[in-house]
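A structural walkthrough
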Amino acid sequence: VLSRSVSETLVRRVSDGLPDVVRAETVRSLLNVVGTSIAASHSETVDVIVGVATQHEGTGSARVPGRDESLDPLNAALATGTAAHLDDFDDTHLETVVHPAAAVFAAGLALASSYDVAGVTFLDAMALGMEIQLRLALAMTPWHYDQGWHITGTVGSVGAAVTAAHLMGLDATATSAAMGLASSLPLGHREGFGTMVKPLHPGKAAANGLLAAALARRGVAAAPDALEAPNGYFAMLSPHVELSRVADRLGDRWELLENTYKPYPCGIVSHPAIEAAERLHPQVAGREIVGVTVHCHPLVVELTGNPTPGDGLSARFSTIHGVAVGLLDGTVGLEQYAEARVGATDVAGLRARVALSPSPDIPRDSAAVEVVLDTGEHLRADIDHVRGSLARPLTDAQLDEKVRRLISARFPEGAARIIEVTRALPGLSGLGEFLTAIVTGR
Amino acid sequence: MTEMNEMHEMNDLTGMTGMTVPVSRAWADLVTSTTWGAVPPVSQLVARRVLSDTVGSAVAGARSEPVERLVQALSDLGLAGHVTVPGRSETWSSSIAATVTGAAVRAGASAVGGAVGGAVVVDDPVTHFRPAASVGAAALAAATASDVRLGELLTAIVLGTEVGCRLADALEPGHSGRGWDLDGTVGHVAAVVAAARLLRLEPEQVAHAVAVAATEATGHRALGSSPAAAVQAGMAAGDAVEAALLAERGLVGPPASIEGRRGMLALMGDHVDLELAASKLREGLGDRWVSERLAPEPVGEDGDAVLRQLLAESPETPWRSVLASLDR
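Right, let's walk through the structure included here. Not measured: the values here are computed from a predicted model.

1. Description of the overall build of chain A
Looking only at helices and strands, chain A features 22 helices and 8 strands. A compact globule built from 442 residues would reach a C-alpha radius of gyration of about 22 Å, and chain A, at 22 Å, matches this within 12%. Each principal axis of the C-alpha distribution contributes one length, and for chain A these read about 75 × 45 × 40 Å. Among the 442 residues that make up chain A, the fraction classed as buried is 64%. Surface exposure of chain A reaches about 13700 Å², of which carbon and sulfur atoms provide 51%.

2. Considering the overall build of chain B
What chain B contains, in helices and strands, is 15 helices and 2 strands. Taken across its 328 residues, chain B has 66% of its residues classed as buried. Residue pairs in contact within chain B that sit at least 24 positions apart in sequence constitute 80% of those at least 6 positions apart.

3. Concerning the interface of chain B and chain A
Interfaces are often described in size by the accessible area the parts lose on coming together. The interface is formed by 68 residues belonging to chain B together with 76 residues belonging to chain A. Summing the contributions of chain B and of chain A, the shared interface buries around 6100 Å²; its carbon and sulfur component is 64%. Among the residues of chain B in contact with chain A, Leu-77, Thr-215 and Arg-262 of chain B are the three that bury the most area, contributing 11% of the side total. Where chain B meets chain A, there are 4 salt bridges.

4. Description of the packing of helix α2 (residues 20-39) of chain A against helix α4 (residues 73-85) of chain A
All names here are of chain A. Running from N to C, α2 and α4 cross one another at 100°; their axes reach a closest spacing of 7 Å. Here α2 lies roughly perpendicular to α4, going by the angle between them. Within the contact between the two elements, α2 uses Val-33, Thr-36 and Ser-37 and α4 uses Thr-80, Ala-83 and Ala-84. Taken together, the residues of the contact of α2 with α4 break down into 3 nonpolar, 3 polar and no charged.

5. Some remarks on the sheet that holds strand β8 (residues 378-383) of chain A
All names here are of chain A. Pairing is mixed in the open sheet, where 4 strands are placed in the order β6-β5-β7-β8. Of all strands in the sheet, those with a lone pairing partner are β6 (354-358) and β8, marking the two edges. For this sheet the average axis-to-axis angle between neighbouring strands, irrespective of direction, equals 15°. Pairing geometry for strand β5 (residues 289-296) and β6, over 5 bridges, is parallel. The residue bridging Val-292 from the neighbouring strand is Val-354, located in β6. Running over the sheet, helix α14 (residues 271-284) touches β5, β7 (367-373) and β8 and is turned about 140° from β8. Sheet contacts for helix α17 (residues 319-329): β5, β6 and β7; angle to β6, the most-contacted strand, approximately 125°.

6. Here we look at the side chain of Arg-130 of chain B
All names here are of chain B. Residue position: Arg-130 is located in the loop between α5 (94-112) and α6 (131-146). Owing to a relative accessible area of 6%, Arg-130 belongs among the buried residues under this scheme. A distance of 3.2 Å separates a polar atom in the side chain of Arg-130 from the backbone oxygen of Val-105. Leave out the neighbours within four places in its chain, and Arg-130 touches Asp-53, Ser-57, Val-105, Arg-106, Ala-109, Val-121, Val-122, Asp-123 and Asp-183.

7. Digging into the pairing of β8 of chain A
All names here are of chain A. Burial along β8 is one-sided: the residues Leu-379, Ala-381 and Ile-383 are buried and none of His-378, Arg-380 and Asp-382 is. Summarising the sheet, β7 and β8 pair through 6 bridges and their orientation is antiparallel. Bridged to Val-371 within β8 is Leu-379. Between β7 and β8, which pair antiparallel in sequence order, lie 4 residues; one of them, Gly-376, sits at a positive phi of approximately 90°.

8. With respect to the pattern of salt bridges
All names here are of chain A. Per the counting criterion, the structure on display carries 48 salt bridges over all chains. A salt bridge links Lys-198 to Asp-88; its shortest N-O distance comes to 2.5 Å. Within this pair, whereas Lys-198 is found in helix α11 (residues 197-217), its partner Asp-88 is found in the loop between α4 and β3 (92-93), the two being separated by 110 residues in sequence. Its salt-bridge partner being Arg-423, residue Asp-400 comes within 3.0 Å of it at the nearest N-O pair. Placement of the pair is Asp-400 in helix α20 (residues 396-408) and Arg-423 in helix α21 (residues 415-424), with a sequence separation of 23 residues. The partly exposed category is assigned to Arg-423, whose relative accessible area is 27%.

9. With respect to the environment of Ala-415 of chain A
Residue and element names in this part refer to chain A. Within the secondary structure layout, Ala-415 lies in helix α21. Residue Ala-415 is classed as buried on the basis of its relative accessible area of 5%. Sequence separation of Ala-415 and Val-403 is 12 residues, and the distance between their C-alpha atoms is 7.7 Å. Excluding residues within four positions of it along the chain, Ala-415 makes contact with Arg-404, Ile-407 and Ser-408.

10. Brief notes about the packing of aromatic side chains
Residues and elements named next belong to chain A. Inspection of every chain in the model, using the stated rule, returns 3 aromatic pairs over all chains. Over the face of the ring belonging to Phe-193 we find Lys-198, whose NZ or CZ atom lies 4.5 Å from the ring centre. Directly above the ring of Phe-89 sits Lys-402, whose terminal nitrogen or CZ lies 4.0 Å from the centroid.

11. Here we look at the environment of Ala-156 of chain B
Residue and element names in this part refer to chain B. Structurally, Ala-156 can be placed in helix α7 (residues 150-171). Ala-156 sits in the buried class, given a relative accessible area of 0%. Each C-alpha atom of the pair Ala-156 and Val-120 lies 20 Å from the other, and the pair is 36 residues apart in sequence. Filtering out sequence-adjacent residues up to four positions away, Ala-156 remains in contact with Val-135, Ala-194, Arg-197 and Leu-198.

Calculation criteria
Residues numbered from 1 in each chain as written. Chains lettered and ligands numbered in written order. Predicted model: local features only at pLDDT ≥ 70, side-chain atom pairs only at ≥ 80, totals over all residues. Heavy atoms only, no water. Helix = DSSP H or I, 4+ residues; strand = E, 2+ residues; numbered from the N terminus. Rg over C-alpha atoms; globule rule 2.2 N^0.38 Å. Buried < 20%, exposed > 50% of the residue type's maximum accessible area, 1.4 Å probe, protein only. Areas by Shrake-Rupley, 256 points an atom, 1.4 Å probe, with all protein chains shown as cover. Contact = heavy atoms within 4.5 Å. Buried area = accessible area lost by both parts, 1.4 Å probe. Salt bridge = Lys/Arg side-chain N within 4 Å of Asp/Glu carboxyl O. Axes fitted to C-alpha atoms, helices over the stretch in contact; angles between N-to-C directions. Parallel < 35°, antiparallel > 145°, perpendicular 65-115°, else oblique. Nonpolar A, V, L, I, M, F, W, Y, C, P; charged D, E, K, R; others polar. Pairing = 2+ DSSP bridges. Polar contact = N/O pair within 3.5 Å; in protein donor to acceptor, adjacent residues only side chain to side chain. Phe/Tyr/Trp six-rings, centres within 6.5 Å; stacked < 30°, edge-to-face > 60°. Lys NZ or Arg CZ within 6 Å of the ring centre and 35° of its normal.

See below:
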């Protein structure tokens, strides 16, 4: 009966109105995922999904950010959720490593053209879906992920079902059924990491959750104890479970407030060193660098120690690449991980002059970068808490800037409009303007 | 700490066991090289029995409550297309047609608990995996969408059935013991093999399609015979057709999707010996047909009207004309 009590609490809480701080953080999560979805909207993987849908009778009236095609809601959810997570640049809940916005945004957006709800209803639907994902994830962390499950997919279907149920206006009974049905459809193996299958997981989770809600709306029931039964959701997915974490102060304490937004599109351990390098860029001012030393936590060497990345994916696991390109370009975004920049001779040349100097005394969210110029001059930048960490979350302005750059690759003129409409969503009476903006850039 | 593990995994992209050919690739070679004439007579009978179960149960379940509600939900979402399903007037995309058909097969059988409208329910005597709901439904939808000959449809079905039986053997008994539903989980992978064959994918594409189906494999035994159970069986068929189409268009997955350290056997079995299981999944493919055990004892003694007609049809007959004559 866990799904029943959880859905009753959530439905009651949302009818009272969600706290402002929750809505504000949900807007930030939405803004970030709008950016990542648009940035990846014409990636090869999303092209494949949209291509199959248009070639094989998967069209309809649902839209995908940054795309011209109209798909049926299940295909739209698959495409949007995949795009949202494609560059691994979406939001991250650090304790569970869930990327909670992708699946719920995808499921919600797929319904936006048929359920023209108020902007705040869309936001609340996302908030509920994100919160339930994080609660389920907390109960299985770390055992479930460590075993090899991609937690974003396994909790994503349930989150997407809750989001879709709220947009459809389902009551607590039907919402509970939607959760139960979706809990029988978790998916995602970590074997697929490093391939096109990884981002597919939140996309498929969104589609599964959406179908679960549509079935619940038509009266299909689920086992009331689908989550906690001896052979239920948790029993299948995790060798250990702390069931109490699912409902602990649910509705009063919001785990989604712990959501974070990556400032750089690469592994988090690299971030402090990259921020230090960016900071040194104006001081280097194009002068010749003879040596660079990165003072960092030992995990940097272990996890992102690749000194000679050969392509965009391996560069994401090279702190040395991030530091080199940060010193040269002064900014590290998706462009700095594109093949052209990873293979550029100036970048490769500087990478060869960067050395990692690990020390267990340096915290994980800290780093220092020392540069020696050919003039003999020494430069140094220290980062105590990196941008995007829990201690130093991205400010609204920094998040807007990140999203602006993500959007600009697709809509050079559209970023300001999209950010403005997304931030204004809580006050909008319908979703039309928002949908038009993120689909067309206008 | 888990974020660290996520990145660590991504540094180690292979995760493969030894230097042998990946299981999915071995299956791909089987899928692309098998001809109907090379399938032994007992396995040919198994294919006909599974097809008979599929058609018979799909018709029997076509008006069942789970299918009615599924069709309502799919219509609410605005889904449509041109592919028919047995016993109903709505038409769908090939993947959704597979979903509806699979749900009808499962609902059709559970409605009467065994024989349905004269059709024999064909399940694996060892694991109780029932190929009709996933393999049969996916093959039926893909064949109806593309117009193939009966022999090609039956080949696809026997290939999916064989892979399904071997995979179920590798996962059981710990898999359903933990709560997974074989028709939903193994069904995803078995059905994608059948769909890949009917779409004539290249070997590399077959392996990628298997990877997509494996990571999407899901389904929960606790649902029993509820409407939801029928839907999740159908989703194995529908996701499989979709996975094959995605792979055909260029989607790429991991090589060791089945036997990798973070793959299907490791996550969904109960302490499976990955290397041993992988070798059994590859062993004697095309020579030894594990799925022979789905033939009746003694061979050829059972049967119903649908099966007798299928037994009599030439493999050269177009599937659509077989279907039209079955509809009479």
